[in-house]
Amino acid sequence: SHLSPTFLLPTRLTPAAHAALLAQLAAHNVPLTPTPSTASLFLADINTPTRCRFELRTRGIMTEPEPLLTAPLRVVKVAWFTECVKAGRVLPIEPWTVYTATVCAVVVTPGPSPERVRVKETVREKERKREREREKVQAEEEQRRGVMERARRDGVRNAEEDSRWRSERSEYKRSVYGTRVTDEIIKLSKSAGRGARPSTPEYEEERIKARGIDEMPEWVRRNVKLSCCRSTPADSPNADFIAHLHTIRDHRTLTSDEVGIRAYSTAIATLQAYPYPLISSSEIVLLPGCNVKIAALFHSWLSSHTDPKLRTVPDVEKLKLNENLVGLAMLHRIWGVGPETAREWWFVRGWRNVDDVVEYGWKGLTRVQQIGVKYYDDFQKPMMRWEAERIRDIITHHATLLLPGTTTILAGSYRRGSTSLTDADLLISHPDPTQLAPSFLERLVASLETEGCINYTLRLDRTAPPGRTLQTAMLVWQEQQYDDVRLRTLRLPGRNANVRRRVDLVVTRPETAGMALMRWTGGGTWVRDLKTWCAERGWRVGAEGVWERDGERVGGIDGGLRREGEGWEEAERRVFVGMGLEWRAPGERCTG
DNA sequence: TGGCTGTACTG
DNA sequence: CAGTAC
DNA sequence: GCCA
């Protein structure tokens, strides 16, 4: 009661905890104020003054640090209050005070009010929780019924309902019966260990129909889980089914389900590496990174239709029709808009399309989001390989003017062989380590800007702390090729109709060229597994791809560009060797 | 039952 | 720190 | 969601 107007900052509090605390504060007659600008005491779960200042600033309250005795405003740990309650009396506030300050200005920001922030959190959390619950229920149901049980029952029912499946030599029939039998095998071999299979005569005939562990690729038999240790081509005989897993992973992305993203990425990478058309769900369970859930999805897909071209997974189709997800995906496609922002715009602000974003929120967007919105359409358009090559040639030209002897290579999906690209990743280096000044990237970007090739710099690593060997720039590119007719007849600068492209530049010192090339060639899961591979060996990847063990550089790994005319690929090859990995052509790293 | 690749910029 | 990107 |  003798306290000043108090505001509870919701930062880092769950909505439930926030609400509970508010109720508790009210119950103890703490004078709560609904507007932070009128408060002089803030309760918060924040540990640093810097963060306090930031939190207040986002609420339009500009502060300067001020000594405790004279400060009119202070931020205090929530724990102070809870301790007081526990002690049954008012404890000294000083030990819990994180930040003391004076207010220099209060700005009425057009941005979200604290209340909106709170609402935002609530909605977001609810959404996530709802998703989690839904999936948990679904998963439990899967477990309860059991893949095997379901496969068997469905197989029987289908066979009885439709005599076609019995009379025809349809692949479907074979697969259903194959499923039945091999599920038995899996059950046993999973528990008894790989390769342990029942050899009773009644299985002999059936085993021919479904692929057994002995007929699996070598990496399956060896249970190789990391995609960097096997070949993953771009084309898969199971592409149709894999596409459904992609849909689920996209959903997990939009709901910020990190674990789900990881799990489905692993499964996708495995199936993408699997060279045979899948016959049964039991076959899937043998694959590393795939288990009953993926098998259930496959079974669902397999039994959805006799015609492989028309097969679907009902649960996935529901996702595709979910208008919330469709909307979120659309907003998420804006460069600079991740899952959090997409959810806030869609659920809290109610923006339904990119035009809504422009109309109602333009001023509140970050700079890169504005650029992302501006070129929304262009950035969706795929780029042909020759375009990436042109970009490479132009940049190489400029780089060489700046520094003769510069060498470049296109990485990313271009190097993996994609025919259509979403961006161009260009690596730049020089065989002589003494030649690459820390400012090289900045000067190169400046040069390209002067030339008019670059519209915007989305991000640029400025001159780096000593020891950094690698710098990146993320750019918006537009080829300077004007409308010739207008230029000649009207003598006007024609309208440049060229599509804006995303271009990433990576300048690496020659010592780390091989590593950088690996990193930027991808794909995503491949690189992740590469890091896992190294972590399993006690190796660490430094920021610029320097390989260390206990602070020492790992012996034998030499991914440097050599002066003697050796190229990028050679450098990368030596990294493979040094890490004890078999060389994989870029086209075999298509982990999706 | 815990852990999941790892780093850097921006606001 | 949270969000985003590679 | 899968694995150790």
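Here is what the cut-offs are and how they apply
Residues numbered from 1 in each chain as written. Chains lettered and ligands numbered in written order. Predicted model: local features only at pLDDT ≥ 70, side-chain atom pairs only at ≥ 80, totals over all residues. Heavy atoms only, no water. Helix = DSSP H or I, 4+ residues; strand = E, 2+ residues; numbered from the N terminus. Buried < 20%, exposed > 50% of the residue type's maximum accessible area, 1.4 Å probe, protein only. Contact = heavy atoms within 4.5 Å. pLDDT = per-residue confidence, 0-100. Core = buried A, V, L, I, M, F, W, Y, C linked by side-chain atoms within 4.5 Å. Domains from an automatic or database assignment. Salt bridge = Lys/Arg side-chain N within 4 Å of Asp/Glu carboxyl O. Axes fitted to C-alpha atoms, helices over the stretch in contact; angles between N-to-C directions. Parallel < 35°, antiparallel > 145°, perpendicular 65-115°, else oblique. Nonpolar A, V, L, I, M, F, W, Y, C, P; charged D, E, K, R; others polar.

1. Some points on the environment of Leu25
Then, in step 1: Of note, Leu25 is situated in helix α1 (residues 15-27).
Then, in step 2: Assessed through its relative accessible area of 0%, Leu25 is described here as buried.
Then, in step 3: Along the chain, Leu25 and Val85 lie 60 residues apart, while their C-alpha atoms are 9.7 Å from each other.
Then, in step 4: In this structure, Leu25 is in contact with Leu8, Val30, Leu32, Leu43 and Phe81, ignoring residues within four places of it in sequence.

2. Description of the confidence of the model for chain A
Then, in step 1: The pLDDT averaged across chain A works out to 79; a share of 76% of its residues lies at or above 70.
Then, in step 2: A low-confidence stretch, residues 108-208 (pLDDT under 50), is modelled with 114 contacts involving residues beyond four sequence positions or located in other chains.

3. Quick look at helix α24 (residues 513-521)
An α-helix turns once per 3.6 residues; consequently, residues spaced three or four apart project the same way.
Then, in step 1: The element α24 is largely enclosed, with a buried count of eight among its nine residues.
Then, in step 2: Those residues of α24 that fall on the buried side of the exposure criterion are Ala513, Gly514, Met515, Ala516, Leu517, Met518, Trp520 and Thr521.
Then, in step 3: Directly after α24, the chain includes Gly522, whose backbone phi takes a positive value near 70°.

4. A short note on the nonpolar core
Then, in step 1: Formed by 46 residues in total, the largest nonpolar core has its most connected members in Phe241, Leu271 and Ile294.
Then, in step 2: Looking at this core, the element that brings in the most residues is helix α13 (residues 292-302), giving six residues.
Then, in step 3: When residues of this core are sorted by domain, at least three fall in each of domain 2 (168-320) and domain 3 (322-380).
Then, in step 4: Each residue touching Leu271, except ones within four places of it in the same chain, is listed here: Ser236, Phe241, Ile242, Leu245, Leu278, Leu287, Cys290 and Ile294.
Then, in step 5: Of all hydrophobic cores here, the second largest spans 27 residues; its members include Ile395, Tyr414, Phe440 and Leu444.

5. As for unusual backbone geometry
Then, in step 1: Along the chain, Gly522 connects to Gly523 via a cis peptide bond; the corresponding omega equals -5°.
Then, in step 2: Positionally, Gly523 belongs in the loop between α24 and α25 (524-536).
Then, in step 3: At Asn223, a residue that is not glycine, the phi angle is positive and equals roughly 60°.
Then, in step 4: The phi torsion at Ser256 lies on the positive side, around 55°, for a residue other than glycine.

6. Comments concerning the pattern of salt bridges
Then, in step 1: Applying the stated criterion across every chain, the model contains 26 salt bridges.
Then, in step 2: The partner of Lys381 in a salt bridge is Asp378, with the nearest N and O atoms 3.3 Å apart.
Then, in step 3: A relative accessible area of 41% places Lys381 in the partly exposed class.
Then, in step 4: If you follow the salt bridges from partner to partner, you end up with Arg415, Glu572 and Arg589 in one network.

7. Considerations on the packing of α24 against helix α26 (residues 568-578)
Then, in step 1: Packing of α24 against α26 brings their axes to within 7 Å, and their N-to-C directions diverge by 90°. Between α24 and α26, the interaxial angle falls into the category roughly perpendicular. For the pair α24 and α26, the contacting residues are Ala513, Gly514, Met515, Leu517, Met518 and Thr521 in the first and Trp568, Glu569, Ala571, Glu572, Val575 and Phe576 in the second.
Then, in step 2: Of the residues assigned to the contact of α24 with α26, the class counts are eight nonpolar, two polar and two charged.

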